[in-house]
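Survey of secondary and tertiary structure
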Amino acid sequence: MKAVILAGGLGTRISEESHLKPKPMIDIGGKPILWHIMKIYSAHGINDFIICLGYKGYVIKEYFANYFLHMSDVTIDFSNNQMEVHERHAEPWRVTLLDTGENTMTGGRLKRVRNYLAAGESFCFTYGDGVADIDITAEVAFHRQHGKLATVAAVQPPGRYGALLTEGAMVTGFREKPPGDGGWINGGFFVLQPEAIDFVEADSTSWEGEPMAELARHQQLMAFEHNGFWQPMDTLREKSQLDDLWRSGAAPWKVWP
């Protein structure tokens, strides 16, 4: 099964770092958030990735071109022009790096992937800037069971501020950052049939706009409720929060050994 990851956006709300590199290459605990996302899928047996490149896509190409070398112990013999690999620690990934245009919208990037997908085979689809402890295996099973064209992970965003617990004017307690207003939002982890891409018109189409609305109108979009951890990385503040979680050894999205 393939996983398609969007990695071509500008990341303007975290421009402090994204002016140097694509947003998915911003580090969390010394590894790009893109790596963390791929590790989530890999933990569920999905190791075949299509990464949609755009802004500064060459940075991602160079990262994966050198990934095996960086993850292995090697001896380089300059006198004989030879390199010997001793220990290999790289994941069993197959990575297709696809240039989908610098100004292409999310739906347009997905549309450009169509020829790389097998007809009739479901695939995963997500953004390159958010992590979760979502059960991908269960979501895929849910998708195959209902038989519709698209499944979206529905999440409840974390509250930004703590909440006071009161009785009248008396404060009786404090709850740290409760969930939002109880509404469910697009959590960004999809399972799709290739036919869902037919709802995308052009490069200028945003996946979150007309395609998802049309799928819903045709009763072809189902929600997989995820009640666990979910966090996008839209701002430097959120990047720092994820970094702190990782370095504390308590990162909820680390579902791999």
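Our structure's up above, just so we're on the same page.
This structure is a prediction, so every number in the text was calculated from the model and none was measured.

This brings us to the pattern of salt bridges. As enumerated under the stated definition, the model contains 10 salt bridges in all. Ionic pairing is found between Arg217 and Glu210, a salt bridge with its closest N-O pair at 2.6 Å. When its relative accessible area of 51% is taken as the criterion, Arg217 is described as exposed. When salt bridges that share partners are traced, they join Lys2, Asp48 and Arg94 into one network.

For the rest of this paragraph, the subject is the nonpolar core. Among the nonpolar cores identified, the biggest contains 44 residues, and Tyr41, Ile136 and Trp253 are the most heavily contacted of them. Ranked by residues supplied to this core, first place goes to helix H2 (residues 33–42) with seven residues. Excluding its chain neighbours within four sequence positions, the residues that come into contact with Trp253 are Ile28, His36, Ile40, Val131, Ala132, Asp133, Phe229, Leu242, Leu245 and Trp246. Ranked by size, the runner-up nonpolar core spans 22 residues in total, among them Ile50, Leu110, Val113 and Ile197.

Turning to the environment of Met233, a few remarks are in order. Within the secondary structure, Met233 is located in the loop between strand S15 (230–232) and helix H8 (236–248). The exposure class of Met233 is buried, given its relative accessible area of 0%. Taking C-alpha positions, Met233 is 24 Å from Ala150, a pair spaced 83 residues apart along the chain. In contact with Met233, not counting residues within four places along its chain, are Ile14, Lys23, Ile26, Ile28, Ile33, Asp129, Glu238, Lys239 and Leu242.

The next point concerns the sheet that holds strand S4 (residues 48–53). Strands sit in the order S7-S4-S1-S8-S13-S10-S14 across an open sheet of seven strands; the sheet is mixed. Because the sheet does not close on itself, it has two edges, and the strands there are strand S7 (94–99) and strand S14 (221–225). Adjacent strand axes in the sheet meet at a mean angle of 25°, parallel and antiparallel pairs treated alike. Pairing between strand S1 (residues 2–7) and strand S8 (residues 123–127): four bridges, direction parallel. The residue of S8 that forms the bridge with Ala3 is Cys124. Contacting strand S10 (150–155), strand S13 (185–192) and S14, helix H7 (residues 210–217) runs over the sheet at an angle of about 100° to S14.

All of the buried residues along helix H3 (residues 57–65) are Gly57, Val59, Ile60, Tyr63 and Phe64. One side of H3 carries all its buried residues, which in axial view fall inside an arc of 155°. Where H3 is buried, its residues contact S1, strand S3 (31–32), H2, S4, helix H4 (67–70) and S7.

The next subject is the packing of aromatic side chains. All told, the structure shown has 17 aromatic pairs when counted by the stated rule. Taking 5.9 Å as the distance between ring centres and 90° as the angle between the ring planes, the aromatic pair formed by Phe125 and Trp207 counts as edge-to-face. Of the two residues, Phe125 sits in strand S8 while Trp207 sits in the loop between S13 and H7, which places them 82 residues apart along the sequence. For Phe125, a relative accessible area of 0% corresponds to the buried category. With relative accessibility at 0%, the residue Trp207 sits in the buried group. Residues Phe190 and Trp207 carry aromatic rings whose centres are separated by 5.8 Å and whose planes lie at 85° to one another, so their mutual orientation is edge-to-face.

The rules we used
- Residues numbered from 1 in each chain as written.
- Predicted model: local features only at pLDDT ≥ 70, side-chain atom pairs only at ≥ 80, totals over all residues.
- Heavy atoms only, no water.
- Salt bridge = Lys/Arg side-chain N within 4 Å of Asp/Glu carboxyl O.
- Buried < 20%, exposed > 50% of the residue type's maximum accessible area, 1.4 Å probe, protein only.
- Core = buried A, V, L, I, M, F, W, Y, C linked by side-chain atoms within 4.5 Å.
- Helix = DSSP H or I, 4+ residues; strand = E, 2+ residues; numbered from the N terminus.
- Contact = heavy atoms within 4.5 Å.
- Pairing = 2+ DSSP bridges.
- Axes fitted to C-alpha atoms, helices over the stretch in contact; angles between N-to-C directions.
- Arc of directions from axis to C-beta.
- Phe/Tyr/Trp six-rings, centres within 6.5 Å; stacked < 30°, edge-to-face > 60°.

Spatial relationships are all this shows, so hold off on functional conclusions.
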